[in-house]
Structures are given as C-alpha cells and as structure tokens.
Amino acid sequence: MNEVNAVGDGEVTCLDAAIIGTGFSGLYALKKLRDDVGLNALAFDKAGGIGGTWHWNRYPGALSDSESHVYCYSWDTDLLRDWDHHSKYITQPEILRYLEHVAERHGLYGNIRLNTGVTSALFDDDTKRWILETDTGQRYSAKYLITAVGLLSATNIPKFEGIESFRGKIYHTSRWPDDAGIEGKRVGVVGTGSTGVQLITAIAPVVGHLTVFQRSPQYSVPVGNGPLSRSELAEIKNDYPRIWEAVRKSALAFGFPESDVPVSSVSAEERERIFDRAWEKGGGFRFMFETFCDIATDEGANKAANKAAQDYIRRKIDEIVKDPETARKLKPKDLYAKRPLCDSGYYRTFNRDNVELVHIGENPITAMTPKGVKTADGVEHELDILVFATGFDAVDGNYKRMDLRGRKGVRIQDHWKDGPSAYLSLGTSGFPNMFMVLGPNGPFTNLPPSIETEVEWIAQAIDHMERNGYATIEPASDAEAAWTRTCAEIASQTLFPKADSWIFGANIPGKKNTIYFYMGGLGAFRETLANVVQDNYRGFKLEKESESELVD
Ligand code: FAD
Ligand code: NA7
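Residues numbered from 1 in each chain as written. Chains lettered and ligands numbered in written order. Predicted model: local features only at pLDDT ≥ 70, side-chain atom pairs only at ≥ 80, totals over all residues. Heavy atoms only, no water.

Considerations on the sheet that holds strand E10 (residues 186–190)
In step 1: Sheet architecture is open: five strands sit in the order E9-E18-E10-E11-E14, paired in parallel fashion. The sheet is open, and its two borders are formed by strand E9 (169–172) and strand E14 (355–359), each paired with just one other strand. Shown here is a sheet whose adjacent strand axes are inclined to one another by a mean of 20°, direction ignored.
In step 2: Relative to E14, strand E11 (residues 209–214) runs parallel, the two being bridged by five bridges. Note on E14: the bridge partner recorded for Thr211 is Glu356.
In step 3: Lying over the sheet, helix H5 (residues 194–203) contacts E10, E11 and strand E18 (385–388), oriented at roughly 165° with respect to E10. (Pairing = 2+ DSSP bridges. Helix = DSSP H or I, 4+ residues; strand = E, 2+ residues; numbered from the N terminus. Axes fitted to C-alpha atoms, helices over the stretch in contact; angles between N-to-C directions. Contact = heavy atoms within 4.5 Å.)

Describing the sheet that holds strand E16 (residues 372–375)
In step 1: The strand order E15-E16-E17 describes an open sheet built from three strands, whose pairing is antiparallel. Unpaired on one side and paired on the other, strand E15 (365–368) and strand E17 (380–382) mark the two borders of the sheet. Ignoring strand direction, the axes of neighbouring strands in this sheet form an average angle of 25°.
In step 2: Strand direction decides the pairing type here: E16 and E17, joined by three bridges, are antiparallel. If you follow Lys374 over to E17, its bridge partner there is Glu380.

Details of the pattern of salt bridges
In step 1: Taken as a whole, this structure holds 36 salt bridges when the rule is applied.
In step 2: With a closest N to O distance of 3.0 Å, Lys307 and Asp311 form a salt bridge. Here Asp311 and Lys307 lie together in helix H9 (residues 304–320), a separation of four residues that amounts to about one turn.
In step 3: The class of Lys307 is partly exposed, set by a relative accessible area of 38%.
In step 4: When salt bridges that share partners are traced, they join Asp393, Asp396, Lys400, Arg401 and Lys511 into one network. (Salt bridge = Lys/Arg side-chain N within 4 Å of Asp/Glu carboxyl O. Buried < 20%, exposed > 50% of the residue type's maximum accessible area, 1.4 Å probe, protein only.)

Observations concerning the site of ligand 2
In step 1: The environment of ligand 2 is made up of 20 residues, and the closest members are Thr192, Thr195, Arg215, Ser216 and Arg339.
In step 2: Here an oxygen atom of ligand 2 and a backbone polar atom of Gly193 are 3.3 Å apart.
In step 3: Measuring from an oxygen atom of ligand 2, one finds a side-chain N or O atom of Trp502 at 3.2 Å.
In step 4: Starting from 770 Å² of accessible surface for ligand 2 in isolation, the protein chains cover 86%.
In step 5: Across the shell around ligand 2, the residue classes tally to eight nonpolar, nine polar and three charged. (Near = heavy atom within 4 Å. Polar contact = N/O pair within 3.5 Å; in protein donor to acceptor, adjacent residues only side chain to side chain. Areas by Shrake-Rupley, 256 points an atom, 1.4 Å probe, with all protein chains shown as cover. Nonpolar A, V, L, I, M, F, W, Y, C, P; charged D, E, K, R; others polar.)

Topic: the site of ligand 1
In step 1: What surrounds ligand 1 is a group of 36 residues, the closest being Ser25, Thr53, Asp65, Ser66 and Tyr71.
In step 2: Between ligand 1 and Ser25 there is a distance of 2.6 Å, counted from an oxygen atom to a side-chain nitrogen or oxygen.
In step 3: Within the side chain of Ser66, one N or O atom sits 2.7 Å away from a nitrogen atom of ligand 1.
In step 4: In isolation ligand 1 has 980 Å² of accessible area, and contact with the protein removes 97% of it.
In step 5: Within the residue set of the shell around ligand 1, elements represented by two or more residues are helix H1 (24–36), helix H2 (53–56), strand E3 (63–67) and helix H14 (447–468).
In step 6: Class assignment for the residues of the shell around ligand 1 results in 17 nonpolar, 15 polar and four charged.

Some words on the nonpolar core
In step 1: Counting residues in hydrophobic clusters, the biggest one holds 137 residues, and the most contacted among them are Ile146, Leu210, Phe287, Ile313 and Trp457.
In step 2: Sort the elements by how many residues they give to this core and H14 lands first, with eight residues.
In step 3: Ignoring any residue separated from it by four or fewer positions in sequence, one finds Ile313 in contact with Tyr219, Ser220, Val221, Trp279, Phe287, Tyr336 and Tyr347.
In step 4: Counting 23 residues, the second largest nonpolar core, distinct from the first, contains Tyr140, Leu404, Trp416 and Met436. (Core = buried A, V, L, I, M, F, W, Y, C linked by side-chain atoms within 4.5 Å.)

Observations regarding helix H4 (residues 92–105)
In step 1: For H4, which comprises 14 residues, the first-to-last C-alpha distance of 20 Å matches the rise-based estimate of 20 Å (1.5 Å per residue) to within 8%.
In step 2: Every buried residue of H4 is accounted for by Gln92, Glu94, Ile95, Leu96, Tyr98, Leu99, Val102 and Ala103.
In step 3: Those residues of H4 that are buried are in contact with H1, H2, E3, helix H3 (77–82) and strand E4 (89–91).
In step 4: Where H4 ends, the next residue or the one after it, Gly107, has phi of about 60°, a positive value. (Expected span 1.5 Å × (residues − 1).)

Some points on the domain arrangement of the chain
In step 1: If you check the domain split of the chain, you get domain 1 (3–154 + 393–470), domain 2 (155–219 + 338–391) and domain 3 (242–325).
In step 2: Where domain 1 abuts domain 2, roughly 1,300 Å² becomes buried across the two surfaces, and 50% of that area is made up of carbon and sulfur atoms.
In step 3: Per-residue buried area on domain 1 facing domain 2 is highest for Tyr59, Pro60 and Asp65; these three make up 43% of the total on that side.
In step 4: Summed over the shared surface of domain 1 and domain 2, the result is one salt bridge.
In step 5: Residues Asp65 and Arg339 are paired through a salt bridge, measuring 2.9 Å at the closest nitrogen-oxygen approach.
In step 6: Taken together, the connections running from domain 1 to domain 2 amount to four residue pairs in polar contact (both at pLDDT 80 or more).
In step 7: Looking at the side of domain 1 that touches domain 2 residue by residue, the class counts come to seven nonpolar, three polar and four charged. (Domains from an automatic or database assignment. Buried area = accessible area lost by both parts, 1.4 Å probe.)

Some details on the packing of aromatic side chains
In step 1: On inspection of all chains with the given rule, the structure shows 39 aromatic pairs.
In step 2: The interplanar angle of 65° and the centroid separation of 5.3 Å between the aromatic rings of Tyr171 and Trp176 together place this pair among those described as edge-to-face.
In step 3: Of the residues examined, Trp176 reaches a relative accessible area of 10% and is grouped as buried.
In step 4: When the ring of Phe275 is compared with that of Phe287, the centres are 5.1 Å apart and the planes differ by 15°; the resulting orientation is stacked. You can see Phe275 sitting in helix H7 (residues 268–281) and its partner Phe287 sitting in helix H8 (residues 284–289), a full twelve residues away along the chain. (Phe/Tyr/Trp six-rings, centres within 6.5 Å; stacked < 30°, edge-to-face > 60°.)

Quick look at the structure:
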C-alpha cells in the first residue's frame, strides 16, 4: 500500500500538472504547459500575490542587481518591445508590476490559486500520479508536479538566546510589513549580505539611529544605477535579438561580455584603470567577471588575481570611510568569493552620525534582551526594531518544508540526507514526473534566462511524454550522481567553495556544506540539455504503462 492512501477520503481535483510557486519560474511554467503543451494546469502559491521573490521582498532598497533589460522574460517579444524599463536596474515594485502585467496579459490568474500553500505532495506508486494537499484543505491529483518553489525563498532566522524576550518589533527582510514604522526609530540590522547592504543604505537617512550588526565584512562595489534615456532604451530594444543570443551563450547570462583577460597579463597601472572603470560603471558581477577572467578562479601565485580585486576594494573603503576604526571593521580580509555585491553608497553610510557598526565577528551577540541586543563586551544596544537580513535556507529550503515523498513513500529529507542532488537540476531519482525549476545543481547565473531554459526543457520533455504515451520519467541515479560529480569538479576550479556563504550551504548552522550549483555557465548548460534530448533523454528512465525502459 502506498503512503498516498493515508491522505484520506474527500474530493480530489484532477489536473495534468500542478505547479508550486508563481514567481518567474511558476508563471512561465504555467504559460508553457497550459498554452503550448495543452495541459490542464494550476499553479499554487502560499503568498497572497504572484511574483515570488518580488512579492515577498518589499524591504526598503530592494533592487535586482541584474540589469533591468536582462532581468525579464525573453519569450514575450511583443512585451520586450512594449515594456519600458526606466532605469538601469529595476526595483522591487517595478519587478512586481512587470510580473503582474505578464500574468494579466497572458490570462494566467484563472489558473492560479493564491494564499494556498502546498503542504504535501505524495507520489502514488499505483496510479503513478502525485497527490497534493493544501493548507486550504483541498486535494489535487496530477500527473506532473512542477516545483518552482524558489531557491532564495525559505527564510533563515537565526536562533539567538532571549529573542522571545525582546519587547520591540522583529522583522525579516523578506516579510517586510507595510506598516514597518521605522522612521525616527532605533533600528538594528543583523546581516550585511546583498539584502542587508541594500536595506542599510536605504533606511539610514530615515531612521533615528541605526545599529548594524556585521558578522562578516563584505566586498561591495557601486551598483551604478541611473535612469535609462529614451535613446538607450531604443537601442536595447533594437538590439534584443543579439542580446538574448549572447546571454544564452554566455556563462553568467548577465548581458555583458565576460572577460578573457587574466590579471597578470596587464601592468599594475592598466589593472588599476580597468578596476577604476568598472567601479565607475558599477555592477557587482561586472566588477568580478567583466574586468578579468581569473578573479573567481585564480589559484596561482597566492590567488593574485583575487587579491588584486580585494586590495582595490579595501583601498576604496579606506578612501570612503572617515573613521579609521570603522573602516578597519568594514574591510574584509578573506577571499572575494561570495556572490559579488553592489550598492548605492553602503560604505559611505557609515560616515553618518546616526549609524553605528558593531562587528559581531569580533564582539559576538551574547543574547537578545527585552531592550535590545547584548554583545560580548557587555554593551546592551537598545532598539525599537530589530531586522533580520539574514538570508535564506537556499536551494532546498522550501523542499524540506513540505511533506514531499517519491516512490515507496521516500521523503525528500531522507533522499537528500547527504545534501540535495539532482540530474541537471531538473529532477531527482525516485521522484517520477517531478520537474524542478532551479533545483539543486542548476546554473549560477542571472536567473531569468536559466529559468526560461529549464521551463522550456521541461515543457519539451512533457510534450514528448504525452505524444509517445509515457507514464513516467525520472533521472537514473547514476546519471544524477555523475552530474553531481561534474558540478563538484567545476566548482572546485573556482574560489567560491572557499568562502562561507549560502552558495554552498554554509550560512545555516548544521546545513550540509556541499554543491548546490552548476558553475559551468548557461551556454554549456544549454548545450548539455540539448544533447540529452538529442540522445533520447540520456540519463532519464522513461516508463510506459507496462514496461520500463532506461534510455541511455
Ligand atoms: P521565487 O520567486 O522565489 O518564487 C517561489 C514561490 O514559491 C514563492 O512565491 C513561494 O511563496 C512559493 N512557494 C514555495 N513553497 C511553496 C509551497 N509549499 N506552497 C505554495 N507556494 C510555495 N536573481 C537574479 O538573477 N538577479 C538578481 O538581481 C536577484 N536579486 C535578488 C534579490 C533578492 C532580495 C532575492 C531574495 C533574490 C534575488 N534573486 C536575483 C533571485 C530570485 O529569487 C530569482 O531571480 C527569481 O526571482 C526566482 O524566481 P522563482 O520563481 O524561481 O522563485
Ligand atoms: P546572505 O547573502 O546569506 O546574507 C545574510 C547575512 O546575514 C550575512 O551577512 C550573514 O553573515 C548574516 N547572518 C546570517 N546568520 C547570522 C547569524 N546567526 N548571526 C549574525 N549574522 C548572520 O542573504 P541575503 O538576503 O543578503 O542575500 C541572499 C541572496 O539573495 C543574494 O545573494 C541575492 O542573490 C539575493 P555571514 O556573511 O554569513 O557571516
């Protein structure tokens, strides 16, 4: 008997495809499967609105650090022509407006169920269908399960002793309330990642006093945001076919040419000029990857390329920050090998009289108290509001928060006990007909182009199954293991695993520090996907009603 039988009786709505999530991934999956493959599909989201990341992350300063013209869909060419981006980078309200417009324009809302969390998804071995239960008490059955649950979506709120005693308000940046009421207040921010850097810079001028609790100093460069003129916009629109082609062939999909120049090949003066130009132009990924080709990979000569970039940013911090002790605390000493940050005046913010930096890396938080935060030096930092900009249980976080079970009732938590794995990030063995968008070991890129790549591949695979009478598809475990090894090998050629960050699961105590991304680039990833299809879905097991066939 299958675990599914434990769900109990009651009305079950039959679908072809159930999609979890309505961010960039879920919306496009719905559009493709409903309109191109012709499936009866529904998308669910626990949020009260569509947009995923951009529904949830409403904190002041929230901005995409992918440039606006490539932080959008490429598949709606009419919309590319009609939608005007007003600035080089796109803010949270604008991204949300864009996604709502897409949903409206393609009539997606009728197939979306909001305020509906999927609490369980169980594969029934007998019927070969997924049975879903929602927190609204509904049950659905679907042949295909598409998990578009987001890779930076499950919040991370660290445990601090005494937190429940704090008498002020506590927010996480990705659950920012409309009535946050920070104006004039004593606000503390824990966390100085991409989110913290944006938030701190944005709120410093409006709060009464801001205490920044920094565990690790960050390398950050200017974002270089600014308006897009009509002529710049027209140029982008005319150039879109070339831009998207280049994006799809590139490694990072950020829409700029990635450098092939090693740091060591230029003189010290030329190096400085290149960094200066990048600093002026702005953009974290541009600074790391458009300047030189070996900042994130160089292992030779004391990681000289990486060190050159570190030294440059440290010099900038010294130039910008007036108080030498604050500058010292702000300067990272480790590798420049986390997701590269950019900002709208982060370091400068620490010159303000109402901003105080507490380096909890040196002077740890010992407890939260009714009045605020106590540090090891005995100081109690009194606060009205405490904000956690502490990031996410990335990649597999939302999977672990569901009761998700594959063949023979195996729980995803058990299947992934040694860390999450997937074949091509699209599926995992033992979970038939479950397609993940941005699952583990997918491309580390500007994400909309990778999302499109994955959704299009999934739609093609499902179409293939429907046309050829297949009941199930799932990765063969050896193919999945080989993909994991490939991802590990590629990652080991970069410096990213050597820095503690969410990219390798190092931000959550107890989380498996392992491989979560494919760092071979979008171009190579797309080629691999195309070859897998051409080789008749190499590495996947496709099963008809009565037979089992490994296609390899
Ligand atoms: P999400 O947008 O995260 O959507 C997932 C949805 O699934 C959510 O709405 C969630 O509520 C829903 N969900 C999850 N579990 C369940 C469940 N059990 N039941 C029902 N619903 C569920 N990427 C870039 O490429 N460039 C950037 O500049 C960039 N900036 C970012 C800034 C921030 C602050 C954050 C948090 C992320 C950023 N990202 C950026 C990453 C961003 O998440 C992706 O670009 C993209 O938005 C992901 O879309 P998605 O649809 O895959 O996931
Ligand atoms: P990040 O990049 O994971 O940053 C989280 C920050 O919170 C970072 O500074 C952490 O310090 C800090 N943190 C986490 N846990 C703690 C505890 N327990 N105590 C003190 N400080 C802590 O999340 P973001 O939201 O900024 O960005 C995530 C991605 O979303 C980003 O890359 C973009 O793609 C969008 P640490 O550095 O680990 O010492």
